Amino acid sequence: MSDIDLRNLKMEFKYIKNSETDFNPEGVSGCDKENFVKNNPNAKSIFKELDFNKDGFISEQEYNMAINIAGKDGILTDKEKNNYCMKQMKFFARRGIDKWFKVDRNRDGLASNVEWRGWETCNTNGKYLEGAMSNNELAQKYNMQEVNESDIQAWIDGEIEDLKKIAKEQYGVELSQKQIIEIKKEQMKQLNTWLFKEGDGKDASFYQQLNLDAYTRLMSTEDGEACCGGDICEFSGFSPSNLKENGRYTAGEMKARLSWAENSYQVDDNGKAVKINGQTVPSKMMTPEQVQQYKEIVTSVTGKPWDSDDWEVTSEQWIIIGEKVNGTYGDETRLEGKTRADVPENRQALLRFLEEKGWLYEQFK
C-alpha cells in the first residue's frame, strides 16, 4: 500500500441498506465508489485502499479509523496501519483469553458441560444473572452431572483464525507468520497472568460476571454501536457518545448508564417484549451486588461519593474504569517479581494445566 493522503477528502455518508448487525443494530453509514469518485475525482485510486473489508463502500467507521491512525499530518502509511492493527490484535488476543475464563469458571484450563451451558445462557439470555455462580451451583440448577469436555487449545486456535479475519477485513492487513507468532505470545502471557487473578464468583471481574447486554450497556461509548455484541437500544437518559463529544460523562450520565445496564424488560422465546395490560414487564440484568460493585469501581477512580452530583468522569478516568470493569487493571506489571511460590491456592489447577501444556513461563517452573 502506498501512503494515502486523507487531507481534503470529501466524504458523503448515507445509510447502507440491510447493514444492521449485532455490533451495529442501527445499520452502517457509508460512501459508495460512485459518490466518492464524483466528490474526489483526483483521488479515485484511494477508494480501494480505504474500503478495508472490500464490501463496495467506505464505512464511516473505516474512514474515522483511517483518520485516527494517520494522526495530525493526515497521511496514512502502511507502517502506521500495520502497527495500529497489531496493537488491536494483541489487545483482542488478551481479551480472548479473558473471555475463555468467562467459560472456565473454576479456572483449570478445561471446560465442562456445565460451564458450556452457563456460557450459552450468558450469550443468549440478556436477563442472565448467573455470572457469579459456581460450577456446583450451576450443576444443581441445571440438574446436570459435570463432565469435562474440552480444554483451551481449540479456543486459542479459533481465536487466531478470527483475528486473521478481523485484521484483513477491518484493517486491510494480511497478518504475516511473524505477526501471528507475536499474537500467540500475547495469548501465552495473558494465560500466565491469570495465575494471579484471584477473584472468582462474586469477586470476579464484571467481564466474567455480566451477561452481554448489561456489559455492553456499561461499556459502549458510541451511539448505536455495541462494544461487545449485546443489546444497546436507545436510552433517553444519556448518549454513549458524550464522552467523545464533551470529553467527559457527568454524574447524572453515569447514573443513567448504570440504570440502563441494570434494568430491562422480559422477552418471550422470540425476543419480543412481554406485555401485560399493554405494559412491558420489568426485568433485572444485574444483581444488587453487581450494581454496588460498579458504584465502588467508579468512586474508587473519581474519589467522589456516588450519590453526590458534583463529580464527573474524564476520558482518562473512563479508561481506568474500563480496565477495572474488565479485570485488566494492573495486568502490565502483574507478573513482575512473581515466582511459583506466589501462585495462590485457587490457581494451582491452572498452574498444573499450563505446566502440562508447556505454556508455563520459566519463572514459575
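Reading guide: rules and limits
- Residues numbered from 1 in each chain as written.
- Predicted model: local features only at pLDDT ≥ 70, side-chain atom pairs only at ≥ 80, totals over all residues.
- Heavy atoms only, no water.
- Helix = DSSP H or I, 4+ residues; strand = E, 2+ residues; numbered from the N terminus.
- Expected span 1.5 Å × (residues − 1).
- Salt bridge = Lys/Arg side-chain N within 4 Å of Asp/Glu carboxyl O.
- Buried < 20%, exposed > 50% of the residue type's maximum accessible area, 1.4 Å probe, protein only.
- Axes fitted to C-alpha atoms, helices over the stretch in contact; angles between N-to-C directions.
- Parallel < 35°, antiparallel > 145°, perpendicular 65-115°, else oblique.
- Left-handed = near helix turned anticlockwise from the far one by under 90°.
- Contact = heavy atoms within 4.5 Å.
- Nonpolar A, V, L, I, M, F, W, Y, C, P; charged D, E, K, R; others polar.

Points about helix α14 (residues 315-326)
Next up, step 1: For α14, which comprises 12 residues, the first-to-last C-alpha distance of 17 Å matches the rise-based estimate of 16 Å (1.5 Å per residue) to within 8%.
Next up, step 2: At the C-terminal side of α14, glycine 327 shows a positive phi close to 80°.

Quick word on the pattern of salt bridges
Next up, step 1: Inspection of every chain in the model, using the stated rule, returns 18 salt bridges.
Next up, step 2: When the shortest N-O distance is used, the salt bridge between glutamate 182 and lysine 90 registers 3.2 Å. You can see glutamate 182 sitting in helix α8 (residues 177-193) and its partner lysine 90 sitting in helix α4 (residues 78-103), a full 92 residues away along the chain.
Next up, step 3: Relative accessible area serves as the criterion here: at 29%, glutamate 182 is assigned to the partly exposed category.
Next up, step 4: Arginine 334 is paired through a salt bridge with aspartate 331; the nearest N and O atoms lie 2.9 Å apart.
Next up, step 5: Among the residues examined, aspartate 331 registers a relative accessible area of 12% and is labelled buried.
Next up, step 6: Overlapping salt bridges bring together Arg107, Asp200 and Arg347 as one network.

Brief notes about the packing of helix α13 (residues 288-302) against α14
Next up, step 1: For the pair α13 and α14, the least separation of the axes is 10 Å and the interaxial angle reads 140°. Classed by the angle they form, the pair α13 and α14 counts as oblique. The chirality of how α13 crosses α14 is right-handed. Contact residues: Tyr294, Ile297, Val298, Ser300, Val301 and Thr302 in α13; Gln317, Trp318, Ile320, Ile321, Lys324 and Val325 in α14.
Next up, step 2: Of the residues belonging to the contact of α13 with α14, the class tally is eight nonpolar, three polar and one charged.

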